[in-house]
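Chain by chain, the residues:
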Amino acid sequence: MLDIHQFTYGEDNYGVLLHCRNSGDTAMIDAGDAYAGELALERTGWSLSQIWITHHHDDHTAGLAVLKAKHNAHVIGPATRGKPLAGVDQQVDDGEHFSFASREVKVLTTPGHTLDMTNFYLPHEKLLFTGDTLFAMGCGRLFEGDAQMMWASLSKLMALPSDTTIYCSHEYTATNATFALSVDPDNQMLIDRARQVTDLRASGKPTVPTNMSLEKATNPFLRVGDGAIKTAINMEDKSEVEVFAKLRKMKDNFKG
Ligand code: ZN
Ligand code: FE
């Protein structure tokens, strides 16, 4: 059994600590804020052994140097074609594995938001860390990659078991739900989920983690093959990639 501690930082970021009671090993997923990371370690009493970096953006890396120096943690991060990200000890690429607390962690690259986006999957725990690729009812903006790349990345994640637990890096769920309802208004599971999200946020609670079956049922970016969504955005005869590209553009310009 792994213990999980999710903590907030910045405007809407989530960091996660993963801890094994037997070995005492602790991993932090992303290191965007040294102070918040330190506080999470203090609260849990866990000592940091690994840091896993999903991508190069500041809100995921800004605290890395301080946390690494203080805890002498081993840093695992994206395989870059050129110079590795500052502070990364071990670059990992798609399909590779590394070990954490005697467990297998599988590396899935999911380019689109950035070209270096790296996700982490623990098959035995069915635990997935999606960074800024897959959000609750949403997906990351296309800063470096294109729609085709991002759709391929999301499809890769969708091939994982439906009972996979998903931790993403931002609390964007309420605005994602508003957009989802605008393109999928008759989806009863989405309507119900949006209501739950409103309640959770009203009481200051996180909507993350989520899971794959819920995302497949309510996340419009995973539902680009769905007839109702295609009709709602006038793309009946279009391919999944084309529908995805249009949805992503609509979301970029969406004023909920
Ligand atoms: Zn990012
Ligand atoms: Fe981010």
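Details of the structure are given in the entry above.
Quick summary incoming for the structure in this document. (Residues numbered from 1 in each chain as written. Chains lettered and ligands numbered in written order. Predicted model: local features only at pLDDT ≥ 70, side-chain atom pairs only at ≥ 80, totals over all residues. Heavy atoms only, no water.)

A look at the coordination of the zinc ion (ligand 1)
Part 1 of the argument: Distances from the zinc ion (ligand 1) to its protein donors, His55 (NE2), His57 (ND1), His113 (NE2) and Asp132 (OD), fall within 2.2 to 2.3 Å.
Part 2 of the argument: Read from N- to C-terminus, the donor residues coordinating the zinc ion (ligand 1) fall into the pattern H-x1-H-x55-H-x18-D.
Part 3 of the argument: In this structure, the zinc ion (ligand 1) is positioned 3.1 Å from the iron ion (ligand 2), and both are ligated by aspartate 132. You can see histidine 55 sitting in the loop between strand S4 (50–52) and helix H2 (58–61) and its partner histidine 113 sitting in the loop between strand S8 (103–109) and strand S9 (118–122), a full 58 residues away along the chain. An identical accessibility class is assigned to histidine 55 and histidine 113; each is buried. (Donors = N, O, S within 2.8 Å, 3.2 Å for Na, K, Ca; no water. Helix = DSSP H or I, 4+ residues; strand = E, 2+ residues; numbered from the N terminus. Buried < 20%, exposed > 50% of the residue type's maximum accessible area, 1.4 Å probe, protein only.)

Some details on the coordination of the iron ion (ligand 2)
Part 1 of the argument: For the iron ion (ligand 2), the full set of protein donor atoms is Asp59 (OD), His60 (NE2), Asp132 (OD) and His170 (NE2), and the range of their distances to it is 2.1 to 2.3 Å.
Part 2 of the argument: Here the iron ion (ligand 2) binds 4 donor atoms, and the angle range of 84 to 173° at the metal identifies the geometry as irregular.
Part 3 of the argument: Residue classification places histidine 60 among the buried positions, given a relative accessible area of 0%.
Part 4 of the argument: Judged by its relative accessible area of 4%, aspartate 132 falls in the buried class. (Tetrahedral: all angles 85-135°; square planar, octahedral: opposite > 155°, others 65-115°.)

As for the side chain of glutamate 171
Part 1 of the argument: Tracing the backbone through its elements, the reader meets glutamate 171 in the loop between strand S13 (165–168) and helix H5 (173–183).
Part 2 of the argument: Reaching out from glutamate 171, the side chain makes a polar contact with the side chain of threonine 173 at a distance of 3.1 Å.
Part 3 of the argument: Polar contacts involving the side chain of glutamate 171 include one to the side chain of threonine 207, which spans 2.7 Å.
Part 4 of the argument: Setting aside its immediate chain neighbours within four residues, glutamate 171 contacts Asp12, Tyr14, Arg201, Pro206, Thr207 and Val208. (Polar contact = N/O pair within 3.5 Å; in protein donor to acceptor, adjacent residues only side chain to side chain. Contact = heavy atoms within 4.5 Å.)

Quick notes on helix H1 (residues 34–44)
Each α-helix winds once per 3.6 residues, and so residues spaced three or four apart point in a common direction.
Part 1 of the argument: Taken together, the buried positions of H1 are Ala34, Ala36, Gly37, Glu38, Ala40 and Leu41.
Part 2 of the argument: On its buried side, H1 packs onto strand S1 (2–9), strand S2 (13–20), strand S3 (26–29) and helix H3 (64–71).
Part 3 of the argument: For H1, the N-terminal cap is aspartate 33; the gap from its side-chain oxygen to the backbone nitrogen of tyrosine 35 is 3.0 Å.
Part 4 of the argument: Just downstream of H1 lies glycine 45, where phi reads positive at about 75°.

Some thoughts on the side chain of threonine 109
Part 1 of the argument: Relative to the elements of secondary structure, threonine 109 occurs in strand S8.
Part 2 of the argument: Other than its neighbours up to four places away in sequence, threonine 109 contacts Asp93, Asp94, Met117, Thr118 and Lys156.

Notes on the sheet that holds S2
Part 1 of the argument: Spatial strand order, S1-S2-S3-S4-S5-S6: 6 strands in an open sheet with mixed pairing. Looking along the sheet, the strands with just one partner apiece sit at the ends: S1 and strand S6 (90–92). Averaged over neighbouring strand pairs, the angle between their axes works out to 20° when direction is ignored.
Part 2 of the argument: With 3 bridges connecting them, strand S5 (residues 74–78) and S6 associate as parallel partners. Note that in S6 the partner of proline 78 across the bridge is valine 92.
Part 3 of the argument: Against the sheet, H3 contacts S3, S4 and S5, and its axis sits at roughly 160° relative to S4. (Pairing = 2+ DSSP bridges. Axes fitted to C-alpha atoms, helices over the stretch in contact; angles between N-to-C directions.)

Structural notes on unusual backbone geometry
Part 1 of the argument: Valine 208 connects to proline 209 through a cis peptide bond whose omega is 10°.
Part 2 of the argument: Locating proline 209 in the fold gives a position in the loop between helix H6 (188–202) and strand S14 (210–211).
Part 3 of the argument: Despite not being glycine, asparagine 72 has its phi angle at roughly 55°, a positive value.
Part 4 of the argument: In this fold, asparagine 72 is placed in the loop between H3 and S5.
Part 5 of the argument: Residue asparagine 72 is classed as exposed on the basis of its relative accessible area, which comes to 70%.
Part 6 of the argument: A positive phi angle, near 60°, is found at asparagine 234, a position not held by glycine.
Part 7 of the argument: Within the fold, asparagine 234 resides in the loop between helix H8 (227–232) and helix H9 (240–252).
Part 8 of the argument: Here asparagine 234 falls in the exposed class, since its relative accessible area comes to 65%.

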